[in-house]
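Residue-level structure breakdown
Each chain, letter by letter, is given below.
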Amino acid sequence: MNQRYVLVVDDEPHMRRVLEIMLRKAGHLVFVAGNGREALEVLRDNPVDLVITDMRMPKMDGIELLTRLRQDGVEIPVIVITAHGSVESAVNAMKLGASDYVLRPFDIDALELAIARVLNEAEVVRQNSFMREELNRGWDAFVGTSAAMRTVYELIRQVAPTKASVMITGETGTGKELAARAIHNASPRSSKLFVPINCAAIPVDILEAELFGYEKGAFTGAVKERVGKFELANEGTIFLDELTEMPMALQAKLLRVLQENTLERLGSNRQIKLDIRVIAASNRTPRESIRDGHLREDLYYRLNVFAVDLPLLRERKEDIPDLASHFIAKHSHHIDGDAALSAAIVSRLQAYNWPGNVRELENMVERALILCGTGALKPEHFPLDLDRSGTSPVLLASNTVSVGPLVPAVEELEARMIEEALAQTEGSKPKAAALLDISERTLWYKLKKHLPKAND
Ligand SMILES: Nc1ncnc2c1ncn2[C@@H]1O[C@H](COP(=O)(O)OP(=O)(O)OP(=O)(O)O)[C@@H](O)[C@H]1O
Ligand SMILES: [Mg+2]
């Protein structure tokens, strides 16, 4: 593990000492403080990566320390240590923005695990904090003014104030998580937690415990009770990412929890009332997943109260200049070169097919900024495999072109290709869209533009 700066806050000198020794052994640099007020002083003058704090302390307790930090916009991860039997206060701390909690008396393993998890997540949070700032300002997080994106914004605006479940679909990197956070942030639940859980990233055998929590002794290894993601998300929003990766048996249990609005932790029969907004996402087509046995149909109907389908980047290439500029601004804090987009770069970016969608564009921009160093951004800083995905075979069919105004020529080609596709498929829009490798919705827009009568 990398060496980190850890601040231990506890009023008992013995506890401080134990933690200090343990953390030193793990290779970290340790600061100590006897209460929240002292902790704030240490934090003012030192680079701290992680705070581990006791809850009950004189002068300023753990909750107040946490509240102060988050109010001041300090995003340092905080692990709270709390007495056994006061899980309530641990949950409270989590709601205030603590990263994790450990119940006292704790075993070193549990704490080490929490530290490893939190420090790992901290990296992700750092990357996300830019996004969070953006989201707090409202809609700025989404970039793009194409018709396809405007439809998405409108859907989000409509569904956000309700409690309706939402199913977000879209290829990888199209912005599903961004959309889920936007819905939460624009909802009346925005002051409560948004709890994402990636069903593909969590080992199948612990997914159920992560979702629903457990009591001490519920299974081998459950040495302490643990609050599940659903309980944490209570009154807020849970984001079930990659839903189709959840085992079918667990999907059945999930459906039951959603229908009854109550859950029981594993190893307990105490019923916990839930008031949760559920947003699910998948980069596979739900219909196909149902057919292939990866998604329960009844669960799908329960979740698909409202559907948001995110457009592919290659179907809204007009958004590429804005997106690229946005990512330059987002990632150029560590460079001082002239990071402007030239027309040559834009046309290179627009010639590419972007199988990884917006995320691929973002990565490409970040990489280009590193490559260009302190110089100006040039097309060669964007090494895109244009041969594989760029020029379409249609254009290669005729090898003579004349030069003239580009836009009307492209529009005309587009209209002719759509007409041709519709002719070949005897007017079937789904088949024509498939031939053109665009979504049906995009085809619908384009038809409206080129052949206004065709949509009636
Ligand atoms: N319209 C957009 N405007 C600005 N940034 C965007 C937009 N769409 C996506 N992004 C950014 O692209 C990255 C990928 O988005 P996100 O994680 O939401 O995609 P995803 O659909 O969940 O992908 P995956 O299926 O791979 O999990 C994020 O950094 C996100 O902020
Ligand atoms: Mg995602």
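Small disclaimer: the values here were computed from a predicted structure and weren't measured.

What counts, and where the lines are drawn
Residues numbered from 1 in each chain as written. Chains lettered and ligands numbered in written order. Predicted model: local features only at pLDDT ≥ 70, side-chain atom pairs only at ≥ 80, totals over all residues. Heavy atoms only, no water. Buried < 20%, exposed > 50% of the residue type's maximum accessible area, 1.4 Å probe, protein only. Helix = DSSP H or I, 4+ residues; strand = E, 2+ residues; numbered from the N terminus. Pairing = 2+ DSSP bridges. Right-handed = clockwise from strand over helix to strand, strands pointing away. Axes fitted to C-alpha atoms, helices over the stretch in contact; angles between N-to-C directions. Contact = heavy atoms within 4.5 Å. Near = heavy atom within 4 Å. Polar contact = N/O pair within 3.5 Å; in protein donor to acceptor, adjacent residues only side chain to side chain. Areas by Shrake-Rupley, 256 points an atom, 1.4 Å probe, with all protein chains shown as cover. Nonpolar A, V, L, I, M, F, W, Y, C, P; charged D, E, K, R; others polar. Domains from an automatic or database assignment. Phe/Tyr/Trp six-rings, centres within 6.5 Å; stacked < 30°, edge-to-face > 60°. Lys NZ or Arg CZ within 6 Å of the ring centre and 35° of its normal.

Glancing now at the pairing of strand S4 (residues 78-83). Here S4 lies mainly inside the structure; 5 of its 6 residues are buried. Here strand S3 (residues 50-54) runs beside S4; their pairing, made up of 4 bridges, is parallel. Paired with Val51 across the two strands is Val78, which belongs to S4. Between S3 and its parallel partner S4, the chain crosses via helix H3 (residues 62-71), and the hand of that crossover is right-handed. The sheet contact formed by S4 and strand S5 (residues 100-104) spans 5 bridges and is parallel. Directly across from Ile79, in S5, lies its bridge partner Asp100.

Turning our eyes to something else, we now look at the sheet that holds strand S12 (residues 306-309). Strand pairs in the sheet, formed through backbone hydrogen bonds, run parallel or antiparallel to each other. Across the sheet, which stays open at both edges, the 5 strands sit in the order S7-S8-S11-S6-S12 with parallel pairing between neighbours. With partners counted over all chains shown, the strands left at the sheet margins are strand S7 (194-198) and S12, one partner each. Shown here is a sheet whose adjacent strand axes are inclined to one another by a mean of 20°, direction ignored. The strands that helix H6 (residues 147-159) touches are strand S6 (166-169), strand S11 (277-282) and S12; relative to S12, the one it contacts most, it runs at about 155°.

Near ligand 1 there are 20 residues, and of these Val143, Thr172, Lys176, Arg359 and Glu362 occur at the shortest range. Val143 is positioned with one of its backbone polar atoms (N or O) 2.9 Å from a nitrogen atom of ligand 1. Between ligand 1 and Thr172 there is a distance of 2.6 Å, counted from an oxygen atom to a side-chain nitrogen or oxygen. Protein contacts shield 90% of the accessible area of ligand 1, which totals 630 Å² for the unbound molecule. Among the secondary structure elements, those contributing two or more residues to the shell around ligand 1 are helix H7 (176-185), helix H13 (320-331) and helix H15 (357-372). Grouping the constituent residues of the shell around ligand 1 by class yields 9 nonpolar, 5 polar and 6 charged. Split by domain, the residues of the shell around ligand 1 number at least three in each of domain 2 (153-309) and domain 3 (313-389).

A few words on the pairing of S12. Side chains Phe306 and Val308 of S12 all project onto a buried face; the interleaved residues Ala307 and Asp309 project onto a face where none is buried. Here 4 bridges tie S6 to S12, and the two strands are oriented parallel to one another. Within the sheet, the bridge partner assigned to Ile168 lies in S12 and is Val308.

Applying the stated criterion across every chain yields a total of 6 aromatic pairs. For the ring pair Phe142 and Tyr153, a centre distance of 5.6 Å and an interplane angle of 55° mean the geometry is tilted. Remark: Tyr153 occurs in helix H6 and Phe142 occurs in the loop between helix H5 (108-136) and H6; sequence separation between them is 11 residues. One exposure class covers both Phe142 and Tyr153, and it is buried. Taking the centre distance of 4.6 Å and the plane angle of 85° together, the rings of Tyr352 and Trp354 count as edge-to-face. The residues Tyr352 and Trp354 share a single accessibility class, namely buried. One Lys or Arg, Arg226, reaches over the ring of Tyr101 and ends 5.9 Å from the middle of that ring.

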